[in-house]
Amino acid sequence: MFRKKSFRGGAHPHDEKRWSADMAIQEMPLPGTVIIPVQQHIGAPADIIVEKGDAVKKGQPLTKTSKFVSVPVHASISGTVAAVEKRPHPFGTDLTSIVIESDGNDAWAAEPVMNPDYLSLGTDKMVQIIGEAGIAGMGGAAFPSHVKLSPPADKPVDTLILNGVECEPYLTSDYRLMLERPDDILAGLQIIMKILGLTKAFIGIEANKPRAIALLREKCAEKKNIAIVPLAVKYPQGAEKQLIKAVSGRSVPSGGLPMDVGCLVHNVGTAAAIYEAVAMGKPLIERIVSVTGPGVRKPRNIKARIGTPFADLIEFCGGYTQKAAKVINGGPMMGIAQTTIAVPVIKGTSGILVLDERTAAGSDELPCISCARCVDVCPMNLLPNHIAAFIEHNRVEDAQKMGLFDCMECSTCSFICPAKRNLVHYIKLGKALWNEAQKKTG
Ligand code: SF4
Ligand code: SF4
């Protein structure tokens, strides 16, 4: 039998895509209020250029940056700036946000207009447009896309991979995007290839999405330079290093970046956003979000404005079921449990998962039985049991020497552990303790 490409380690949580996979993308009604955190990306914060009382229009920049590793945020509705203050953020802290009350007009600052000659734009101009449009990785990492598209001269990229894996259980936003907007994704891919001067690209998709694989193959039938690569259904197949290994066979070194092995990975949603920015001048003001799980009445895939409160999306999906117990930003493996649904959709919000009492129930931790299953599944070849034990016994330096910072917090080890050890909790704690100690020692 044909063996699908994959990587070493990993696990097989039930994919739970059934809740929302067949739900076509629906557009949310215009929200009354949006809360736009200034920091939604990895990198330097941008400076706020509006104040309370200002009238703003859709697509208008709210922040400005002169730093390279940074992106601005834009108004996602027209209205009035009601506040610039700290508000709860899906990452679990309160962060400075710009709150806009809608004027009901949904008026653009500059309406996007199709430029039929967009592929004639210079590559520097394209990169500039992508940065100014505020595009940051929409698979969740939120790294500024224009930075990824500017590799240094000594790290040439020869392999481009679009990530359509969506290996997190429950989430289906990328799947629906591939089914409903394949041409936008492919147009974005073409722009990225032009910027990097590449003649060949791959789109990696897990084999549990046969309709998406078939559709993109059909669309690329005439494009011999784009290969659709079906991948084994295994978590975390969509993690950058694991995807690169599966598609290209190359291994990103410890502490290294994909460009160290000549690779670049972009999410399919990011490609579609790049197309809209370069071809139409549209900034990143909305995204597809799966609202799913047994705790929500009508699971859906929603096109939502950035800044829309989770509460509005959950209400749009019929509200909670009677046994709803836990709301997560993202999926069950790498997502973050929320203490309030006043938090807004941000650029990296691919899903809002609502678990019920049964699926949210945790188990008490038992002592480690040294079965080494966590070691077998760790896709980064780490020893999660030993790293966690060092941290538990306050030996963070020993954990650091064992590769603490190579851990990508994928939770595969915690998922597989028969003793229900929350290994990722210890690892996150260890990283925080290490960083704190480094700050103190200067
Ligand atoms: S140690 Fe880190 S990288 Fe390895 S399985 Fe656990 S969470 Fe994933
Ligand atoms: S899987 Fe759990 S019980 Fe087994 S070695 Fe790892 S931490 Fe210990």
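Residues numbered from 1 in each chain as written. Chains lettered and ligands numbered in written order. Predicted model: local features only at pLDDT ≥ 70, side-chain atom pairs only at ≥ 80, totals over all residues.

**Considering the domain arrangement of the chain**
Line of reasoning, step 1. Under the domain assignment, the chain is made up of domain 1 (29-111 + 283-359), domain 2 (113-280) and domain 3 (373-440).
Line of reasoning, step 2. Of the residues lining the interface, 5 residues belong to domain 2; the matching set on domain 3 comes to 6 residues.
Line of reasoning, step 3. Along the lines of polarity and charge, the residues of the side of domain 2 that touches domain 3 split into 3 nonpolar, 2 polar and no charged. (Domains from an automatic or database assignment. Contact = placed C-beta atoms within 7 Å. Nonpolar A, V, L, I, M, F, W, Y, C, P; charged D, E, K, R; others polar.)

**Considerations on the packing of helix 11 (residues 384-392) against helix 14 (residues 423-440)**
For any two helices packed against each other, one specifies the crossing angle of their axes together with the interaxial distance.
Line of reasoning, step 1. Between helix 11 and helix 14, whose axes approach to 9 Å, the crossing angle comes to 55 degrees. Comparing their axes, helix 14 and helix 11 come out oblique. Note on packing geometry: the crossing formed by helix 11 with helix 14 is left-handed. Judged by residue contacts, P384, I387, A388, I391 and E392 of helix 11 engage L423, Y426, I427, L429 and G430 from helix 14.
Line of reasoning, step 2. Across the contact of helix 11 with helix 14, the residue classes tally to 8 nonpolar, 1 polar and 1 charged. (Axes fitted to C-alpha atoms, helices over the stretch in contact; angles between N-to-C directions. Helix = DSSP H or I, 4+ residues; strand = E, 2+ residues; numbered from the N terminus. Parallel < 35°, antiparallel > 145°, perpendicular 65-115°, else oblique. Left-handed = near helix turned anticlockwise from the far one by under 90°.)

**Some thoughts on the pairing of strand 6 (residues 79-88)**
The side chains of a regular strand alternate, first on one face of the sheet and then on the other.
Line of reasoning, step 1. Relative to strand 6, strand 4 (residues 55-56) runs antiparallel, the two sharing 2 bridges. When the bridges of strand 6 are listed, A55 appears paired with T80.
Line of reasoning, step 2. By the bridge criterion, 9 bridges tie strand 6 to strand 7 (residues 94-102) in an arrangement that is antiparallel. Bridging from a neighbouring strand, V81 pairs with I100 of strand 7.
Line of reasoning, step 3. The antiparallel pairing of strand 6 with strand 7 creates a hairpin that spans 5 residues between the two strands, and G92 there sits at a positive phi of about 100 degrees. (Pairing = 2+ DSSP bridges.)

**Focus on the site of ligand 1**
Line of reasoning, step 1. Not every one of the 15 residues close to ligand 1 is listed here, only the nearest: C378, P384, C407, C410 and C413.
Line of reasoning, step 2. Elements supplying a minimum of two residues to the shell around ligand 1: helix 13 (412-416) and helix 14.
Line of reasoning, step 3. Per element, the largest residue contribution to the shell around ligand 1 is 3 residues, and it comes from helix 14. (Near = placed C-beta within 6 Å.)

**Quick notes on the site of ligand 2**
Line of reasoning, step 1. Near ligand 2, the surroundings consist of 13 residues, among which C368, C371, C374, N385 and C417 are the closest.
Line of reasoning, step 2. Grouping the constituent residues of the shell around ligand 2 by class yields 9 nonpolar, 2 polar and 2 charged.

**Some remarks on the pairing of strand 13 (residues 300-305)**
Line of reasoning, step 1. Among the 6 residues of strand 13, 5 are classified as buried, and the element is accordingly described as predominantly covered.
Line of reasoning, step 2. Direction of pairing for strand 1 (residues 25-27) relative to strand 13: parallel, over a ladder of 3 bridges. Note that in strand 13 the partner of I25 across the bridge is N301.
Line of reasoning, step 3. The pairing of strand 12 (residues 286-292) with strand 13 spans 6 bridges and is antiparallel. For E286, the partnering residue across the bridge sits in strand 13 and is R305. (Buried ≥ 20, exposed ≤ 12 C-beta atoms within 10 Å, placed from the backbone.)

**Some words on the nonpolar core**
Line of reasoning, step 1. Within the largest apolar cluster, 117 residues are counted, with the highest numbers of intra-cluster contacts made by I130, I274 and V278.
Line of reasoning, step 2. No other element matches the 9 residues that helix 7 (residues 268-280) contributes to this core.
Line of reasoning, step 3. Residues in contact with I130, not counting those within four places in the same chain, are I135, S145, H146, L149, I274, A277 and V278. (Core = buried A, V, L, I, M, F, W, Y, C linked by C-beta atoms within 7 Å.)

**Some thoughts on the sheet that holds strand 13**
Line of reasoning, step 1. In space, the 6 strands of this open sheet follow the order 1-13-12-16-14-15, with mixed pairing throughout. Single-partner strands in this sheet number two, and they are strand 1 and strand 15 (336-337).
Line of reasoning, step 2. Of the strands in this sheet, strand 1, strand 12, strand 13 and strand 16 (351-356) are in contact with helix 3 (residues 173-180), which crosses strand 12 at around 125 degrees.

**Side note on the environment of M280**
Line of reasoning, step 1. In this fold, M280 is placed in helix 7.
Line of reasoning, step 2. According to the C-beta neighbour criterion, M280 is partly exposed, with 14 such atoms within 10 Å.
Line of reasoning, step 3. Sequence separation between M280 and M114 is 166 residues, and the spatial gap between their C-alpha atoms is 4.4 Å.
Line of reasoning, step 4. For M280, the residues in contact, after removing those within four places along its chain, are P112, V113 and M114.

**Examining the packing of helix 3 against helix 7**
Line of reasoning, step 1. At a minimum axis distance of 9 Å, the contact between helix 3 and helix 7 shows a crossing angle of 50 degrees. Here helix 7 runs oblique to helix 3, going by the angle between their axes. Contact with helix 3, carried on its side by D174, L177 and M178, involves V268, G269 and A272 of helix 7 and no other residues of that element.
Line of reasoning, step 2. For the contact of helix 3 with helix 7, the class distribution of residues is 4 nonpolar, 1 polar and 1 charged.

**Let's talk about helix 6 (residues 240-248)**
Line of reasoning, step 1. Among the 9 residues that make up helix 6, 8 are buried, leaving the element largely enclosed by the rest of the structure.
Line of reasoning, step 2. Of all the positions in helix 6, only E240, K241, Q242, L243, I244, K245, A246 and V247 are classed as buried.
Line of reasoning, step 3. Elements that come into contact with the buried residues of helix 6 comprise strand 8 (159-163), strand 9 (201-206), strand 10 (226-231) and strand 11 (263-267).
Line of reasoning, step 4. Just downstream of helix 6, G249 is the residue with a positive phi angle, here 80 degrees.

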